[in-house]
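Breakdown of the fold
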Amino acid sequence: MSKDPKAANRVVADNRKARFNYEIIDTYEAGIALTGTEVKSLRQGKATIGEAYAGPSGEEFFLFNAYIPEYLQANRFNHETKRPRRLLLHKRQIDKLIGATQREGFTVIPLKIYFNDRGRAKVELGLGRGKKLHDKRETEKERSWNREKARLMREKG
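1. Quick notes on the packing of aromatic side chains
Summed over all chains, the structure comprises two aromatic pairs. When the ring of Phe62 is compared with that of Phe64, the centres are 6.2 Å apart and the planes differ by 35 degrees; the resulting orientation is tilted. Aromatic rings pair up to connect Tyr53, Phe62 and Phe64 into one cluster. The ring of Tyr114 has Lys112 lying over it, and the distance from NZ or CZ to the ring centre is 5.7 Å.

Take a look at the structure:
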């Protein structure tokens, strides 16, 4: 039985605006503590992390404001759609993230939610600092120039 390479790391939700709004310095992979109906809903590919963020609550790290819709076949055993979800990180990683958010003014942003090759739900967290307006303009100019350069190269060659 050979595994399909596309089945490994199947992205469920992607925060595409995060890299535009934040300068990502470091990334972390974290597990998520989910209920059964949340996993089933994620497997259907229905989640939104556009407004989500991660932060400390006591000695643990949580994912706040991530929207995982109710699983329709679960009737009364369903989950709350925007509840805080505990992130599974090593103690050293939690300490580093808490220090960065409290002392240095960084933000922890979820970049994507995906299933790894073992079928576990994971979150890719980015440690970043918010971009200023002029930085966003520069990113847009660079993206536009790269697009124009690729178009010119296609025309010539």
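2. Regarding the pattern of salt bridges
Going through the model one piece at a time under the given rule, you end up with 11 salt bridges. Between Glu51 and Lys82 there is a salt bridge, with the nearest N and O atoms lying 4.0 Å from each other. One end of the pair, Glu51, is in the loop between helix 2 (36-43) and strand 3 (53-57); the other, Lys82, is in the loop between strand 4 (60-64) and strand 5 (85-88), and 31 residues separate them in sequence. Relative accessible area serves as the criterion here: at 54%, Glu51 is assigned to the exposed category. A salt bridge links Glu124 to Lys112, with the nearest nitrogen and oxygen atoms 3.6 Å apart. Pair noted here: Glu124 is in strand 7 (residues 121-130) and Lys112 is in strand 6 (residues 107-115), with a separation of 12 residues, a long-range link. Judged by relative accessible area, Glu124 falls into the buried class, the value being 16%. Connected via shared salt-bridge partners are Arg19, Lys112 and Glu124.

3. Remarks on the environment of Glu51
Placed 34 residues apart in sequence, Glu51 and Arg85 show a C-alpha to C-alpha distance of 14 Å. Non-local contacts of Glu51, meaning those with residues more than four positions away in its chain, are made with Asn65 and Lys82.

4. Observations regarding the pairing of strand 6
The element strand 6 is largely enclosed, with a buried count of seven among its nine residues. Sheet topology places strand 1 (residues 10-14) next to strand 6; four bridges connect them, and they run antiparallel. Across the sheet, the residue bridging to Ala13 is Ile113, located in strand 6. As paired strands, strand 6 and strand 7 are joined by eight bridges and run antiparallel to one another. Across the sheet, the residue bridging to Ile113 is Val123, located in strand 7. Between strand 6 and strand 7, which pair antiparallel in sequence order, lie five residues; one of them, Gly119, sits at a positive phi of approximately 85 degrees.

Calculation rules
Every residue gets a number counted from 1 within its own chain, in the order that chain's sequence is written. Local features are withheld for residues below a pLDDT of 70 in this predicted model, meaning they are given only at 70 or higher, and side-chain atom pairs are given and counted only at 80 or more; totals for whole chains, interfaces and linings count all residues. Heavy atoms throughout the structure, all of them, feed into the side-chain values; hydrogens and water do not. Aromatic rings from Phe, Tyr and Trp, taking only the six-membered ring of Trp, are treated as a pair when their centres fall within 6.5 Å; an angle between ring planes under 30 degrees marks them as stacked, one over 60 as edge-to-face, and anything in between as tilted. Whether a charge lies above a ring is judged from NZ of Lys or CZ of Arg, which has to be within 6 Å of the ring centre and within 35 degrees of the ring normal. Salt bridge, as applied in this entry: a Lys or Arg side-chain nitrogen positioned within 4 Å of an Asp or Glu carboxyl oxygen. Strands here mean DSSP runs of E at least two residues long; helices mean DSSP runs of H or I at least four residues long; both are numbered from the N terminus. Exposure classes here rest on a 1.4 Å probe applied to the protein chains alone. A residue is buried below 20% of its type maximum, exposed above 50%, and partly exposed in between. Between two residues, a contact is recorded if the distance between any of their heavy atoms is within 4.5 Å. Strands qualify as paired when DSSP identifies two bridges or more between them.

Any functional reading would require information beyond the geometric quantities listed.
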